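The residues making up each chain are set out below.
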Amino acid sequence: MKKRKYDFLIFGAGGMQGKIVIKDLLKKGYKLFVSDFYQSHIDDIKEKFSIEDYELTDLRDIKKTIALIKKVKPFLVINCAEADWNLNVYKACLKNKIHVIDLGSDIPMTKKQLAMDSAFRKQKLIAITGCGSTPGINNIMLDYAVGLLDSIHTANAGFAWNSNIKEFVVPFSMPSIVEEFTVPATMMKNGKWIKKNPLDTVKGRRYQEIGRNKCFLVRHPEPYTFYFYYKDKGLKNIKFFAGFPTHSFLMIHNFIKLGLASKEKIQVNDSFVQPIEFLTEVLRNVEIPEGYKENEVLWVEAIGKKDNKKKEIFMECIADTLPGWEDAGCNIDTGIPASIIAQMIIKKQIKAWGSFAPEAVVPKEDFFKALKEYNMDVYMNGKLIN
């Protein structure tokens, strides 16, 4: 078989997660082609990684996206761009008969992506949506827990984080964060889907590993994929929580109140701009304080039965700032899983064809072992399992 020139094509390469994926895959010796919407992002990548194989792409233009994938002919596309265009990338990869993974989207788009299962299967392709921290690590931890139960009626999951210096540093994608604060959260109670305003559900909660957080229900795709895969095992109650330290929570809340996180275009002189795009670009240039470190806990609670007795399983993955990865903070737990899963596919550790969320196809023990290489510890009921 003729060797491909490129192992991976990375969309959204200039964002926080894209750069984490690039750094990790280059260290492993893979050949990359990168793409982003902004020339300034590409310039940053070229400076940081000495990559010369790139092209600007607007994922809203599906014809040009198809053309770029056809030109590059990668083994797999890793989509780290904002989730709004995940479906376009799926369609473009299907058209070119190329494997694809992404970092997840909202529930309506996730439904559409999973509904493409038969189309990907017919082409003998693998598509996995939600290959980051959460969705991603949390999904795989839940599948591990479900495998130890005869039935499950409740699944709760979430993330919480903190930093040693209480100054604002962008936790992850600003557009995604704003959506978590403002878009109604979907949860399931007694088998019925209901929605809650995130900021109406804020409560203080203390985590042993990171201290106190402001926690609240948020819109995430996990409730849908959890139910999709485990409804036949009795799952009827699902919640997903975000957790932010107070200093970060208040800053983000103020951005929203001041209108700086709006997607509605405003006129500035002769130009029209989205405040959220402006805010995102401004914050890219904010320097991280010297000595700044973060840590994060990803957690899943599964409640069900084993041998007709109630059983509760609490899974955690702890991620800290790694030496050499200081600019990523605890965000390595989002970019690194995407890199791991991409490598599992190219190494044929994942063989099932079709369109999936990670809990359906990622080999759990191998995945947890790979996380350990980056000091990401996985616990079950307080016991280290990787």
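Let us look at the structure shown here. (Residues numbered from 1 in each chain as written. Predicted model: local features only at pLDDT ≥ 70, side-chain atom pairs only at ≥ 80, totals over all residues. Heavy atoms only, no water.)

Topic: the packing of helix α12 (residues 332-346) against helix α13 (residues 364-372)
It is the contact of α12 with α13, at a shortest axis distance of 10 Å, that shows an interaxial angle of 130 degrees. Compared by their axis directions, α12 and α13 come out oblique. Every pair of crossing elements has a handedness; the one defined by α12 and α13 is right-handed. Residues P337, I340, I341 and M344 of α12 pack against D366, F367, A370 and L371 of α13. Residues that form the contact of α12 with α13 fall into these classes: seven nonpolar, no polar and one charged. (Axes fitted to C-alpha atoms, helices over the stretch in contact; angles between N-to-C directions. Helix = DSSP H or I, 4+ residues; strand = E, 2+ residues; numbered from the N terminus. Parallel < 35°, antiparallel > 145°, perpendicular 65-115°, else oblique. Left-handed = near helix turned anticlockwise from the far one by under 90°. Contact = heavy atoms within 4.5 Å. Nonpolar A, V, L, I, M, F, W, Y, C, P; charged D, E, K, R; others polar.)

A closer look at a nonpolar patch on the surface
On the surface, I266, V268 and V273 cluster together into a nonpolar patch covering about 210 Å² of accessible area. Tracing the backbone shows V273 in strand β14 (residues 271-273). (Patch = residues over 30% accessible without salt bridge, like charges linked within 9 Å, V, L, I, M, F, W, Y side chains within 5 Å. Areas by Shrake-Rupley, 256 points an atom, 1.4 Å probe, with all protein chains shown as cover. Salt bridge = Lys/Arg side-chain N within 4 Å of Asp/Glu carboxyl O.)

Observations regarding the packing of helix α7 (residues 137-146) against helix α9 (residues 222-230)
Orientation of α7 relative to α9, taken along the N-to-C sense of each, is 30 degrees, at an axis distance of 11 Å. Viewed along their axes, α7 and α9 adopt a mutual orientation that is roughly parallel. When the axes of α7 and α9 are compared, the crossing they make is right-handed. Of α9, the residues touching α7 (which contributes N139, L142, D143 and V146) are E222, T225, F226 and Y230.

Some details on helix α8 (residues 174-182)
Each full turn of the α-helix corresponds to 3.6 residues, which orients residues three or four apart in the same direction. For α8, the tally of buried residues reaches seven of nine residues, placing the bulk of the element in the interior. Taken as a whole, α8 has its buried residues at M174, P175, I177, V178, E179, E180 and F181. Where the residues of α8 are buried, they touch β7 (151-163), β11 (211-217), β12 (237-244), α10 (246-257) and α11 (275-284). (Buried < 20%, exposed > 50% of the residue type's maximum accessible area, 1.4 Å probe, protein only.)

Here's the deal with the sheet that holds strand β17 (residues 354-356)
Sheet architecture is open: seven strands sit in the order β3-β2-β1-β4-β5-β6-β17, paired in parallel fashion. What marks the edges here is a single partner per strand, and that holds for β3 (54-56) and β17. Neighbour-to-neighbour, the strand axes of the sheet open up by a mean angle of 15 degrees, direction not taken into account. With respect to the sheet, helix α3 (residues 62-72) is in contact with β1 (8-11), β2 (32-36), β3 and β4 (76-79), its orientation differing from that of β1 by roughly 155 degrees. (Pairing = 2+ DSSP bridges.)

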